Structure formats: structure tokens, C-alpha cells
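# Coordinate inspection notes
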Amino acid sequence: MSAAIGLGALIGILLGLLGGGGSILAVPALVYGAGQPVAAAVSTSLLVVGITSAAALLPRLRAGLVQWRIAGIVGATGAVAAFAGAAVNHLLDPRVVLVGFAALMVAAGLRMLRETGDSGGDCALPGGGINWRGCLPKSIGTGLAVGFLTGLFGVGGGFLIIPALVLLLGLDMPAAVATSLVIIVINSAAGFAAHAGDAPIDYRIAAAFTVTAIAGSLAAARIASRIPTRRLQRLFAYLVFAVAAFVIIRSI
């Protein structure tokens, strides 16, 4: 139980600091740290990550960092595409899926390291506006791609959403982190509804896990606002490499 609580704090820190990383760790933490069966861990992790992401979003709301319309478009289209990705997942060998996920993460991390902190583009014009003629199709395409990959690889969207928002839509890291948290809340709610009834949830463990995760996310969010965009982007890329290595080791 103590190990699960510590991992809950770590998950909150990752969500608060980088807008991702929580869901990839939540299920292993609940399975190995709290001794839950996988089915219960999946439902509990979606509940914990969704609530924690909402808490991590609060400081960003006051700062006005969320691109709400982009979050709505990417989140809605991604929720639909995730079902197609999940259908394809059932047709593939699990090890093939894991290796593909690791390769995608390495490619995204390398791109994040090469890119500058403020990419710019149709969805983030220099004056602060949005060119919807170019941004709308990109947002829809990003939602479909990210949703499909999320369903295909069976992990939370943070590791896929952040690179997509930065590299494809041109958002800077602070805006990408804030916007990704909204999308993660949407995806977590949809996933929790889809898995409702799969296994009973131990709400005592869920509550303890969530409280420590929220505390970690709020503390990390205050630190994140003081970290330069480029450094935050590098931290995320290194975290992606670590996750890719973990996935490769598990697949082997």
C-alpha cells in the first residue's frame, strides 16, 4: 500500500509537470504496488488519472493556457478513433504492438529534442490567434491519429498527445501540456465508462492513490510554470525514451 501511494505521488508529479506519464505507470503501480488484478487496475487507473489530470489542470485555467476548441476537436475525434485502434490491436501479436509503440515513442522523443520550444503554425499564430482554415483539418487529423494509436497501443494519450500538439499543431509546451490535460480527462472518462463493470473497484485504494497523485500534480504544476519551455520539452523527451526502454524490455 505504501509503495502504491508513493507511485501515486510520482504519477501526479508527471501529470502536473509534463501533462503525461501518469497512465503508463498507473496500471503497473496498482498491479504490483497495490496487488490489484489487471481488470480492476485498468478501471482504477482511469479514475485516478482522470481526476488527477483535472486537478493538474486547475493552475493552467487561471493562466489561460488551455486551447479549448482544439482540445474539444482532438478529444472528440480521438475518442471515436480509439475504437478502431482497439479493433486492430485485437488482430496483432501483443509483442508486435509493444515494439511498434516503443518505436513511435523514440521517434517522437527525437523530434521533440530537435524542435525549438515555440514551433508556431496555423493553430498558434505569432499574434496569438488561430488560422482555422489550416488548423481545423490538422486538429481533426491529429485527433484521429492520436486516438487510433491510443486504442492500438492501449496506453494513455499523454505520450502521444504532447508531441502531436507541439510538432503537428505548433503549440508551445505550456499550452500543449494544459490542452493535453483536458484531452486526457475526456479520454479517461470515456475509458472508465467503457470498462465500467469489468471488475469491482477498491475505492479505499483508489482514494489514497488519488489524494497523493493530486498533491503531487498541484506541487509539480507550480514548478512547471518556472521551467523554460525548451527545458520542459527536453524533460518530456527523456521521459519518453525511458518509457520506450521499459516497453522494449517488457516485450522481450
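Residues numbered from 1 in each chain as written. Predicted model: local features only at pLDDT ≥ 70, side-chain atom pairs only at ≥ 80, totals over all residues. Heavy atoms only, no water.

Here helix 6 (residues 132–153) contains 22 residues, and its C-alpha end-to-end distance of 30 Å stays within 8% of the 32 Å for a straight helix at 1.5 Å per residue. Among all positions in helix 6, only Gly134, Cys135, Ser139, Thr142, Gly143, Val146, Gly147, Thr150, Gly151, Leu152 and Phe153 are buried. (Helix = DSSP H or I, 4+ residues; strand = E, 2+ residues; numbered from the N terminus. Expected span 1.5 Å × (residues − 1). Buried < 20%, exposed > 50% of the residue type's maximum accessible area, 1.4 Å probe, protein only.)

Tracing the sequence through the fold places Thr210 in helix 9 (residues 203–224). Classification of Thr210 by relative accessible area gives buried; the value is 9%. Side-chain polar atoms of Thr210 contact the backbone oxygen of Ala206, separated by 2.6 Å. Discounting chain neighbours no more than four positions away, the residues touching Thr210 are Val48, Ile51 and Thr52. (Polar contact = N/O pair within 3.5 Å; in protein donor to acceptor, adjacent residues only side chain to side chain. Contact = heavy atoms within 4.5 Å.)

What follows is about the side chain of Thr77. One can find Thr77 in helix 4 (residues 68–89). Accessibility expressed as a relative area gives 18% for Thr77, which makes it buried. Engagement of the side chain of Thr77 in a polar contact is seen with the backbone oxygen of Ile73, the distance being 2.7 Å. A polar side-chain atom of Thr77 sits 3.3 Å from the main-chain carbonyl oxygen of Val74. With near-sequence residues (within four places) excluded, Thr77 lies in contact with Ser139, Ile140, Gly143 and Leu144.

All told, the structure shown has one disulfide when counted by the stated rule. A sulfur-sulfur distance of 2.0 Å marks the disulfide that ties Cys123 to Cys135. Linking Cys123 and Cys135, the disulfide has an S-S dihedral of approximately 110° and is accordingly described as right-handed. With a gap of 12 residues between them, Cys123 in the loop between helix 5 (94–114) and helix 6 and Cys135 in helix 6 connect regions that are remote in the sequence. Grouping residues by exposure puts Cys123 and Cys135 together as buried. (Disulfide = S-S within 2.5 Å.)

Scored by pLDDT, the protein chain comes out at a mean of 80, with 90% of its residues at no less than 70. By mean pLDDT, the top-scoring element of the protein chain is helix 4 (87), and the lowest-scoring one is helix 2 (residues 22–33) (72). (pLDDT = per-residue confidence, 0-100.)

Their axes nearest at 8 Å, the elements helix 3 (residues 38–63) and helix 8 (residues 173–195) cross at an angle of 155°. Taken together, the axes of helix 3 and helix 8 are roughly antiparallel relative to one another. The handedness of the crossing between helix 3 and helix 8 comes out as left-handed. Residues Val42, Ser43, Leu46, Leu47, Val49, Gly50, Ser53, Ala54, Ala56, Leu57 and Arg60 of helix 3 touch helix 8, and the partners they reach there are Val177, Ala178, Leu181, Val182, Ile184, Val185, Ser188, Gly191, Phe192 and His195. For the contact of helix 3 with helix 8, the residue count by class is 14 nonpolar, six polar and one charged. (Axes fitted to C-alpha atoms, helices over the stretch in contact; angles between N-to-C directions. Parallel < 35°, antiparallel > 145°, perpendicular 65-115°, else oblique. Left-handed = near helix turned anticlockwise from the far one by under 90°. Nonpolar A, V, L, I, M, F, W, Y, C, P; charged D, E, K, R; others polar.)

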